[in-house]
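# Architecture and fold: a report
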Amino acid sequence: MADRQDVSDIVPLNSQSEIAIERLLDAAFGTDRHGRTAYRIRDGMPWLPELSLATIDADGTLIGTLQSWPVALTLTDGSQIPLIMVGPVAVAPTHQFGGHGRAMMDAVVAAARALRCEPLMMIGDPEYYERFWGFSAQGTSGWNAPGPFEPRRLLGLSVDGSEIGGTGMLSPRIAVTA
Ligand SMILES: CC(C)(COP(=O)(O)OP(=O)(O)OC[C@H]1O[C@@H](n2cnc3c(N)ncnc32)[C@H](O)[C@@H]1OP(=O)(O)O)[C@@H](O)C(=O)NCCC(=O)NCCS
């Protein structure tokens, strides 16, 4: 458990090396994490630099990561409702429960609100993400995913007042050019 007085900074994730990010994700989620449904939903997408954050300690060591991805709800007619998938959110096991996860999530939700971007979504524990930021499974009951998931853990959060809803399959976002 972390000392709540930990000295740390939140910085853009693209200031960190891919190797350090992957190592931290392995430590938080295990090396078998790549087959998870969340990975399939955003397969092939690059993470969004403006909504992806790192926490570094006083020595500059990476102790937390949060990535966000462009995804979409694909409707039966093939059209897409764009969404932004938040996660994985990971704090190094040695620093968990010290407020770092909350600080990164506070920052990303504030940034998303400032950008008035697409609705946020994630697969995560409502006991954490609903409690602190209001993510909710209300409105996601029509959403399917390319792998197993618990419906109660499929969460959405509107950051611009638009409604969360629709019926379709979550998938990577396809860029449509006019
Ligand atoms: C989940 C995680 C990101 C939380 O970050 P953290 O810095 O460890 O935790 P925080 O200090 O921000 O939050 C602490 C509070 O949230 C609660 N909390 C943390 N994770 C929780 C969870 N999964 N479910 C319910 N509550 C949770 C704690 O009990 C604590 O509550 P309290 O303040 O009432 O005591 C981090 O523990 C982690 O990386 N875990 C492993 C990977 C993971 O499960 N990621 C989430 C899925 S994307």
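Our subject is the structure listed above.
An account of the accompanying structure is given in this report. (Residues numbered from 1 in each chain as written. Predicted model: local features only at pLDDT ≥ 70, side-chain atom pairs only at ≥ 80, totals over all residues.)

## Side note on the overall build of the protein chain
When helices and strands are tallied, the protein chain shows 4 helices and 8 strands. Across the protein chain, helices and strands are ordered from the amino to the carboxyl terminus as β-α-α-β-β-β-α-β-α-β-β-β. Against the globule reference of 16 Å for 178 residues, the protein chain gives a C-alpha radius of gyration of 16 Å, in line with a compact fold. Each principal axis of the C-alpha distribution contributes one length, and for the protein chain these read about 50 × 30 × 30 Å. Buried residues in the protein chain amount to 34% of all 178 residues. (Helix = DSSP H or I, 4+ residues; strand = E, 2+ residues; numbered from the N terminus. Rg over C-alpha atoms; globule rule 2.2 N^0.38 Å. Buried ≥ 20, exposed ≤ 12 C-beta atoms within 10 Å, placed from the backbone.)

## Side note on the pairing of strand E5 (residues 120-123)
Covered by surrounding structure in E5 are Leu120 and Met122 together with Met121 and Ile123, the residues of both alternating faces. Across 2 bridges, strand E4 (residues 80-91) lies against E5 in parallel orientation. When the sheet's bridge partners are listed, isoleucine 84 is paired in E5 with leucine 120. With respect to chirality, the unit in which E4 leads through helix H3 (residues 100-115) into the neighbouring parallel E5 is right-handed. (Pairing = 2+ DSSP bridges. Right-handed = clockwise from strand over helix to strand, strands pointing away.)

## A word on H3
Under the 1.5 Å per step criterion, the end-to-end length of H3 is 23 Å for 16 residues, consistent within 8% with the ideal 22 Å. Looking only at H3, the buried set comprises His100, Gly101, Met104, Met105, Val108, Val109 and Ala112. The arc enclosing the buried residues of H3, seen along the axis, measures out at 160°, which places them on a common side. Within H3, the exposed residues directed more than 90 degrees away from the buried face are Ala110 and Ala114. Looking at the buried residues of H3, the elements they touch are strand E1 (8-12), strand E2 (53-57), strand E3 (62-74), E4, E5 and helix H4 (126-133). (Expected span 1.5 Å × (residues − 1). Arc of directions from axis to C-beta. Contact = placed C-beta atoms within 7 Å.)

## Notes on the site of the ligand
The immediate surroundings of the ligand are formed by 18 residues, with Gln96, Gly101, Arg102, Glu127 and Tyr128 found nearest. If you list the elements that add at least two residues to the shell around the ligand, you get helix H1 (18-29), E4, H3 and H4. Ranked by residue count, the leading element in the shell around the ligand is E4, at 5 residues. When grouped by side-chain class, the residues that make up the shell around the ligand number 8 nonpolar, 7 polar and 3 charged. (Near = placed C-beta within 6 Å. Nonpolar A, V, L, I, M, F, W, Y, C, P; charged D, E, K, R; others polar.)

## Examining the pairing of E3
By the criterion of burial, E3 is predominantly enclosed, with 12 of the 13 residues buried. In the sheet, E2 pairs with E3 via 4 bridges, with the strands oriented antiparallel. For isoleucine 56, the partnering residue across the bridge sits in E3 and is leucine 62. Connecting the antiparallel pair E2 and E3 is a turn made up of 4 residues, with glycine 60 showing a positive phi of about 85°. Sheet analysis places E3 next to E4, joined by 10 bridges and oriented antiparallel. Following the sheet pairing, alanine 72 is matched in E4 by proline 82. Linking two consecutive strands that pair antiparallel, namely E3 and E4, is a turn of 5 residues; a positive phi of about 90° is found at glycine 78 within it.

## A closer look at the environment of aspartate 43
The topology assignment puts aspartate 43 in the loop between helix H2 (37-41) and E2. Put simply, aspartate 43 and serine 171 are 128 residues apart on the chain and 7.8 Å apart in space, counted from C-alpha to C-alpha.

## Points about the environment of methionine 104
Assignment of secondary structure puts methionine 104 in helix H3. With 23 C-beta atoms packed within 10 Å, methionine 104 lands in the buried category. Separated by 70 residues in sequence, methionine 104 and histidine 34 place their C-alpha atoms 22 Å apart. Residues in contact with methionine 104, not counting those within four places in the same chain, are Ile10, Leu53, Thr55, Gly64, Leu66 and Val89.

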